[in-house]
Amino acid sequence: MRVDLFDFDLPQDLIALRPVRPRDAARMLVARGDEPFADKCVRDLPSLLKAGDVLVFNDTRVIPAQLEGRRAGGEAKIGATLHKRIDLRRWQAFIRNAKRVKEGDQLVFGGGVTAIAEARHADGSITLMFEGEEPVEVLLERAGRMPLPPYIAGKRGVDEADLKDYQTMFATEDGAVAAPTASLHFTPELVDAIDAAGIGRETLTLHVGAGTFLPVKVDDTDDHQMHSEFGRIEADVAERLNAARAAGGRLIAVGTTSLRLLESAARVDGQIEAFAGDTNIFITPGYQFRAVDGLMTNFHLPKSTLMMLVSALMGRDRMMTVYAHAIENKYRFYSYGDSSLLLP
C-alpha cells in the first residue's frame, strides 16, 4: 500500500507544545462507525462508554533517555537517544553524528557517565555498554534528559514542567523513551468517575522505543521494517480481559501502544494470552483485529505507522475525514495535543 495515501497537510500552529491544564480538559473527537462526529471533552469519557467496558492502559514510565556528550579523545559532539534495553548494562541507541563513532569507542556524557560503542545494527543504531557498577537507571538520572518528541524539542527546550507533563499517572515500570500519550489526559478525578460508571481498568506494559518517532522512508508499506519493543501482559490481566469480553464488554485500548500489545498477544479466536517478549507488529489497512473493540488516541503524524494503524481500525477514508474535521475545528495535534475516541 502506498505510504502517501496516509498524507495530509497540518497547519504548524496546531502542533501542541504544552498540554492543557487540567489534563482531562483536553478536547476529544468521537467517531462511532459512520455516525456524525461528536466534539466532546476527555472528561466526558465515562458517559461515552458503558458499564462492563474495559479501558486498557500502558503503565510504562519514560526514562531520561537522551544523552549529550563526545567521543573520548575527540571534540566531536555526540547525541544518543536510547531505544531498547538489551540487558542490565546495554541499550540499543540512535546516535547523532554516528559516522564519527566506531566500534570500541568510549563515549563520555555528563556527570561522569561513560559508555562503550559496541555492535552497529542494520537500522543504524548502536549498542551502548554503560561502564561502572551503578545501575544504568541511576546514571541516566544523572546525565540524561526527558526525550521529548522532535516536533516539540525542535521548537523549545525541555524544562522542569516536562518532567511531570510527559509522564502518565499510571507510569510505574521504567523503560520507555516515549510516553504512551493517550494516557496523559487522565487525572485521579477522571479515574474515579470511570470507576463509578462501572467501567473496568487494566494495565499492561509496553516500553515504547525511539522508533516511534522515525519517519517511514519507503514508498510502500510492504517495505517498512518496524522496530521491536518489549511488552508484558500478566496472566491474571489476560484472564480478566477475556472474561470482560465474554460478558459483552468492549476492550478499549488507551493508546496505540496498548492496542499493539493486545493484538500481539491475541490468538486468532480473539482470546488474549499472557505475553512477555518483543513485538514489532505493523498494523495497516486490511488487518483483522482480534482483541480490541475501540481506541482512545491522540492525533498522529502524516504518513506515520500510527496513522496507518488508526486507518486499519476505522478505514482510511473515514480517518481522512476525521482528520479533516479535527483540522477544521482546530484540535491540537500530537503528544501534548487533544484526543480522539475511535469506535468502529
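Residues numbered from 1 in each chain as written. Predicted model: local features only at pLDDT ≥ 70, side-chain atom pairs only at ≥ 80, totals over all residues. Heavy atoms only, no water.

**Looking at the overall build of the chain**
- Summing up its helical and strand segments, the chain has nine helices and 17 strands in all.
- The C-alpha atoms of the chain give a radius of gyration of 20 Å, which matches the 20 Å a tight globule of 344 residues would have.
- Considering only C-alpha atoms, the chain reaches an extent of 65 × 45 × 40 Å along its principal axes.
- Classification of the 344 residues of the chain by burial places 54% in the buried group.
- Surface exposure of the chain reaches about 14,900 Å², of which carbon and sulfur atoms provide 49%.
- One way to put it: in the chain the 41 positive side-chain charges average out to a point 4 Å from where the 49 negative ones average out. (Helix = DSSP H or I, 4+ residues; strand = E, 2+ residues; numbered from the N terminus. Rg over C-alpha atoms; globule rule 2.2 N^0.38 Å. Buried < 20%, exposed > 50% of the residue type's maximum accessible area, 1.4 Å probe, protein only. Areas by Shrake-Rupley, 256 points an atom, 1.4 Å probe, with all protein chains shown as cover. Lys, Arg positive; Asp, Glu negative; His and termini not counted. Charge placed at Lys NZ, Arg CZ, Asp CG, Glu CD.)

**What about the nonpolar core?**
- In this structure, Tyr166, Ile233, Leu262, Ile272 and Phe333 are the most contacted members of the largest nonpolar core, which totals 62 residues.
- At seven residues, the largest contribution of residues to this core is made by helix α8 (residues 305–314).
- Membership of the second largest hydrophobic core comes to 26 residues, among which are Ile63, Ala65, Val113 and Ala117. (Core = buried A, V, L, I, M, F, W, Y, C linked by side-chain atoms within 4.5 Å.)

**Focus on the pattern of salt bridges**
- Throughout the structure, instances matching the rule amount to 26 salt bridges.
- Residue Glu68 is joined to Arg96 by a salt bridge in which the shortest nitrogen-to-oxygen separation is 2.7 Å. In this pair, Glu68 is assigned in strand β5 (residues 66–71) and Arg96 in strand β7 (residues 90–96), connecting sequence segments 28 residues apart.
- Relative accessible area serves as the criterion here: at 46%, Arg96 is assigned to the partly exposed category.
- For the salt bridge of Asp87 with Arg90, the shortest nitrogen-to-oxygen distance reads 3.4 Å. (Salt bridge = Lys/Arg side-chain N within 4 Å of Asp/Glu carboxyl O.)

**Some thoughts on unusual backbone geometry**
- In the segment running from Arg21 into Pro22, the intervening peptide bond is cis, with an omega of -5 degrees.
- The residue Pro22 is located in the segment before β1 (27–32) in this model.
- Here the phi dihedral of Lys303 falls at roughly 60 degrees; this positive angle occurs in a residue that is not glycine.
- Taking relative accessible area as the criterion, Lys303 reaches 35% and is therefore assigned partly exposed.
- Of note, Lys330 is a non-glycine position whose phi angle comes to about 60 degrees, a positive value.
- Among the structural elements, Lys330 can be located in the loop between α9 (316–328) and β17 (339–343).

**What about the sheet that holds strand β8 (residues 106–109)?**
- The sheet built from six strands closes into a barrel, its strands ordered β5-β6-β7-β10-β9-β8 with antiparallel pairing. Neighbour to neighbour, the strand axes of the sheet diverge by 45 degrees on average, direction disregarded. (Pairing = 2+ DSSP bridges. Axes fitted to C-alpha atoms, helices over the stretch in contact; angles between N-to-C directions.)

**Considering α9**
- Helix length check: α9, at 13 residues, gives a terminal C-alpha distance of 18 Å against a target of 18 Å (1.5 Å per residue), a fit within 8%.
- All of the buried residues along α9 are Arg318, Met319, Val322, Tyr323, His325, Ala326 and Ile327.
- The elements touched by buried residues of α9 are β1, β2 (38–41), β16 (294–298), α8 and β17.
- Two residues or fewer after α9 comes Lys330, characterised by a positive phi angle close to 60 degrees. (Expected span 1.5 Å × (residues − 1). Contact = heavy atoms within 4.5 Å.)

**Things to note about the side chain of Asn298**
- Following the sequence through the fold, Asn298 ends up in strand β16.
- Here the side chain of Asn298 touches Ser335 through a polar contact of 3.2 Å, landing on its backbone oxygen.
- With residues near it in sequence (within four places) discarded, Asn298 still touches Thr181, Ala182, His185, Tyr323, Tyr334, Ser335, Gly337, Asp338, Ser339 and Ser340. (Polar contact = N/O pair within 3.5 Å; in protein donor to acceptor, adjacent residues only side chain to side chain.)

**Here we look at the packing of α8 against α9**
- Where α8 contacts α9, the axes come no closer than 7 Å and their chain directions differ by 115 degrees. Handedness of the crossing formed by α8 with α9: right-handed. Taken together, the residues of α9 that come into contact with α8 (itself represented by Met307, Val310, Ser311 and Met314) are Arg316, Arg318, Met319, Met320 and Tyr323.
- For the contact of α8 with α9, a count of residues per class yields six nonpolar, one polar and two charged. (Left-handed = near helix turned anticlockwise from the far one by under 90°. Nonpolar A, V, L, I, M, F, W, Y, C, P; charged D, E, K, R; others polar.)

**Some words on the sheet that holds strand β15 (residues 275–279)**
- With mixed pairing, the nine strands of this open sheet are ordered in space as β2-β1-β17-β16-β14-β3-β12-β13-β15. Both edges of this open sheet fall to β2 and β15, since each of them pairs with a single strand only. Put simply, the sheet's adjacent strands are angled 25 degrees from each other on average, direction ignored.
- Bridge count for strand β14 (residues 251–254) against β16 is three bridges, and the pairing is parallel. The partner of Ile252 across the bridge, within β16, is Gly294.
- In the packing of helix α7 (residues 256–265) onto the sheet, the strands contacted are β3 (54–58), β12 (200–206), β13 (229–233), β14, β15 and β16, and the crossing angle to β12 comes to about 85 degrees.

**Looking at the packing of aromatic side chains**
- With the rule as written, the count across this model stands at 13 aromatic pairs.
- The rings of Phe8, Tyr151, Phe299, Tyr323, Tyr331, Phe333 and Tyr334 are connected pair by pair, giving a single aromatic cluster. (Phe/Tyr/Trp six-rings, centres within 6.5 Å; stacked < 30°, edge-to-face > 60°.)

**Thoughts on the environment of Arg145**
- Mapped onto the secondary structure, Arg145 falls in the loop between α2 (136–143) and α3 (150–153).
- Taking the C-alpha atoms as reference, Arg145 lies 34 Å from Lys40; in sequence the two are 105 residues apart.
- Setting aside residues no more than four positions away along its own chain, Arg145 makes contact with Pro64, Ala65, Gln66, Glu68 and Val158.

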